[in-house]
Amino acid sequence: MNKNCSNIMALAPSTSNKRETVCIFGTGDFGRALGHKMIQSGYPVVYGSRSTQISSLIPKDAELLSHAEAAQKAAIIIIAIQRHHYNFLIPLAEILHGKVLVDISNNLKLNQYPESNAEYLAQLLPGSRVVKAFNTVSAWALQSGTLDASRQVFVCGDDVEAKQMVMNIVRALGLTPLDKGSLLAAQEIENYPLQLFPMWKFPIFLSLGLTAFFFFYCLALDVIYTYIYEKKNFSFFIAITIPNRVCPVVALILLALVYLPGIFAAIIQLYRGTKYRRFPDWLDKWMLCRKQLGLIALAFASLHVVFTLVTPMRAFVSWRTSKGIISQALNNKTEPLNNTNAWISDCYLALGILGFFLFVLLGITSLPSVSNNVNWREFRFVQSKLGYLALILCTAHTLVYGGKWFLSPSAYKWYLPNIYMLSLVIPCAVLVVKFVLIFPCVDKPLTQIRQGWERNPKHSK
Ligand code: NAP
């Protein structure tokens, strides 16, 4: 047998080996769900509980003993008990000496205690080898088998061998262990399940704010103004016309906001002449949520596509078309095709289609399954170069569509600019500054700074 082959044999998990007994302290929801999954995966499970009376809820192949008796039967003990009860473990310190204790606990609030639960457990039982794991998996997901959302198990601990033993169990349960390092990482891991879309908060609030602002802006100009000054009731615009104006406008602004922090970062680096100084906090946070901003922008752009596709089905549109035909018939006059208008409409549609296609491509490449399969250069090419191209196309789409209104005085109802004019301010500013930044006289020093060059080095040799 060759050497490679023996390596493969060594790496392959041994399915024939009998699995080691695992002890679980606590027969609550999580203890039972984890025990059930372990038994399914071939682990003998022994429960340590305050009551040794067998209940129908406990997995039927598991043993139920007192804490002290159960702990003696296994090298790994999973503590499926809330942190505030950990004191009961102190009298068991001798039995638990040298054992691997798996802390799976969570808290009710972020940073509820000064130290993590796992570190607290390690302080209570200094002779044991504490490993943090499983806290991001829910009892319900373990029991129902729907682990799609939480297949990853973060593991951390100071004892490498103990951590490895726990990671082997994680793998055997069909989950993916992710080594987060020493027990110092436990606090961060314990905070994960308490976070609610942390990266999405700013993009969601921003897009809701923009949507509300533009919705009321359109409502005032398209419905209220027309009602007051033209005595026309266009209130039905609220259902499709206004959303179909607001969605592309918000999508375009959000797309521009994905690229704006990069522009600020470049200006700050050029001004400071170094990349070795931290960006302001607001810019750091903004840069971190660019992907979320882009995905929300894509959602708004998709809504715009759907609203546009239903336009021919609208009663208002068929009424306007037939009105045009009837007026031509009554006047006995056929309006010739306006070639300029035909060009304009075809151009903005084509620009919109191409822009949306690139938008979708950006969204797809931001999926972890796709981004994991491209290298950094390829990822940057799509997200930066094609991203800017998408911004150019979408801006041009809006310019060609809304351009005809910009110069017409009737577009300035109540002296306010048309919504399309407002939507172009940030994208145009981003594109103009980006255009300046790619000039060789600006791009060269910026590239040098990003490669580590400093205008006034602090640590000169
Ligand atoms: P639970 O249903 O309330 O069960 C806790 C168990 O702790 C009880 O069944 C009891 O087991 C034991 N216990 C209670 N008071 C005790 C005391 N004074 N001394 C010793 N043992 C005591 O809670 P759970 O939902 O299973 O959660 C257990 C731990 O898992 C918690 O730290 C939680 O943060 C963590 N967790 C839970 C989930 C989840 O989805 N539920 C997910 C991740 C992590 P006996 O009666 O057998 O002694």
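Residues numbered from 1 in each chain as written. Predicted model: local features only at pLDDT ≥ 70, side-chain atom pairs only at ≥ 80, totals over all residues. Heavy atoms only, no water.

- In the annotation of an unreviewed UniProt entry, the entry for the chain reads STEA4 Metalloreductase, and the organism field reads Lanius ludovicianus.
- The record in UniProt for the chain states the following under Subcellular location (unreviewed entry): "Endosome membrane". (UniProt positions renumbered as here; feature names shortened; annotations may be inferred.)

**Topic: the overall build of the chain**
Inference 1: Secondary structure assignment for the chain yields 18 helices and eight strands.
Inference 2: Taking 2.2 N^0.38 as the reference for a compact globule, 461 residues should give roughly 23 Å; the C-alpha atoms of the chain span a radius of gyration of 31 Å, well beyond that estimate.
Inference 3: Dimensions of the chain, computed from the C-alpha atoms along their principal axes, are close to 100 × 70 × 55 Å.
Inference 4: Burial analysis of the chain (461 residues in total) assigns 41% to the buried set.
Inference 5: In the structure as shown, the chain presents an accessible area of about 26800 Å², 63% of it carried by carbon and sulfur atoms.
Inference 6: For the chain, the centre of its 43 positive side-chain charges and the centre of its 25 negative side-chain charges are spaced 11 Å apart. (Helix = DSSP H or I, 4+ residues; strand = E, 2+ residues; numbered from the N terminus. Rg over C-alpha atoms; globule rule 2.2 N^0.38 Å. Buried < 20%, exposed > 50% of the residue type's maximum accessible area, 1.4 Å probe, protein only. Areas by Shrake-Rupley, 256 points an atom, 1.4 Å probe, with all protein chains shown as cover. Lys, Arg positive; Asp, Glu negative; His and termini not counted. Charge placed at Lys NZ, Arg CZ, Asp CG, Glu CD.)

**A closer look at the sheet that holds strand β3 (residues 63-65)**
Inference 1: The strand order β3-β2-β1-β4-β5-β6-β7-β8 describes an open sheet built from eight strands, whose pairing is mixed. Looking at which strands have only one partner, the edges of the open sheet turn out to be β3 and β8 (176-179). Going across the sheet, the axis of each strand differs from the next one's by a mean of 30°, ignoring polarity.
Inference 2: Sheet topology places strand β7 (residues 152-157) next to β8; four bridges connect them, and they run parallel. Looking at β8, one finds that F154 is bridged to L178.
Inference 3: Contacts between helix α5 (residues 117-124) and the sheet are confined to β4 (76-79), β5 (100-103) and β6 (129-132), with β6 contributing the most and set at about 170° to the helix. (Pairing = 2+ DSSP bridges. Axes fitted to C-alpha atoms, helices over the stretch in contact; angles between N-to-C directions. Contact = heavy atoms within 4.5 Å.)

**Observations concerning the site of the ligand**
Inference 1: Taken together, 19 residues are adjacent to the ligand, and T27, F30, S49, N106 and A139 come closest.
Inference 2: At a separation of 3.0 Å, an oxygen atom of the ligand approaches a polar backbone atom of G28.
Inference 3: Taking 880 Å² as the accessible area of the ligand by itself, protein coverage stands at 77%.
Inference 4: Taken together, the residues of the shell around the ligand sort by class into seven nonpolar, ten polar and two charged. (Near = heavy atom within 4 Å. Polar contact = N/O pair within 3.5 Å; in protein donor to acceptor, adjacent residues only side chain to side chain. Nonpolar A, V, L, I, M, F, W, Y, C, P; charged D, E, K, R; others polar.)

**Remarks on a positive patch on the surface**
Inference 1: On the surface, a cluster of positive charge is made up of R290, R377, R380, K385 and R450.
Inference 2: For the positive patch, the element with the highest residue contribution is helix α16 (residues 376-406), accounting for three residues. (Patch = residues over 30% accessible without salt bridge, like charges linked within 9 Å, V, L, I, M, F, W, Y side chains within 5 Å. Salt bridge = Lys/Arg side-chain N within 4 Å of Asp/Glu carboxyl O.)

**Let's talk about the UniProt feature "transmembrane region" (unreviewed entry) in the chain**
Inference 1: With numbering matched to this structure, UniProt assigns "transmembrane region" (unreviewed entry) to residues 204-229, 249-271, 292-310, 342-365, 386-407 and 419-442.
Inference 2: Secondary structure across residues 204-229 comprises 100% helix and 0% strand; the distance between its end C-alpha atoms is 36 Å.
Inference 3: A helix fraction of 92% and a strand fraction of 0% characterise residues 419-442, whose end C-alpha atoms lie 34 Å from each other.

**Describing unusual backbone geometry**
Inference 1: With a phi angle near 50°, W414 is a residue other than glycine that sits in the positive phi range.
Inference 2: Looking at where W414 falls in the secondary structure, it is placed in the loop between α16 and α17 (419-437).
Inference 3: A positive phi angle, near 60°, is found at Y415, a position not held by glycine.
Inference 4: Within the element layout of this structure, Y415 appears in the loop between α16 and α17.
Inference 5: For Y415, a relative accessible area of 80% corresponds to the exposed category.

**Considering the UniProt feature "domain: Ferric oxidoreductase" (unreviewed entry) in the chain**
Inference 1: In the numbering used here, UniProt assigns the "domain: Ferric oxidoreductase" (unreviewed entry) feature to residues 249-394.
Inference 2: When the span residues 249-394 is considered, its composition is 82% helix and 0% strand, and the gap between its end C-alpha atoms is 10 Å.

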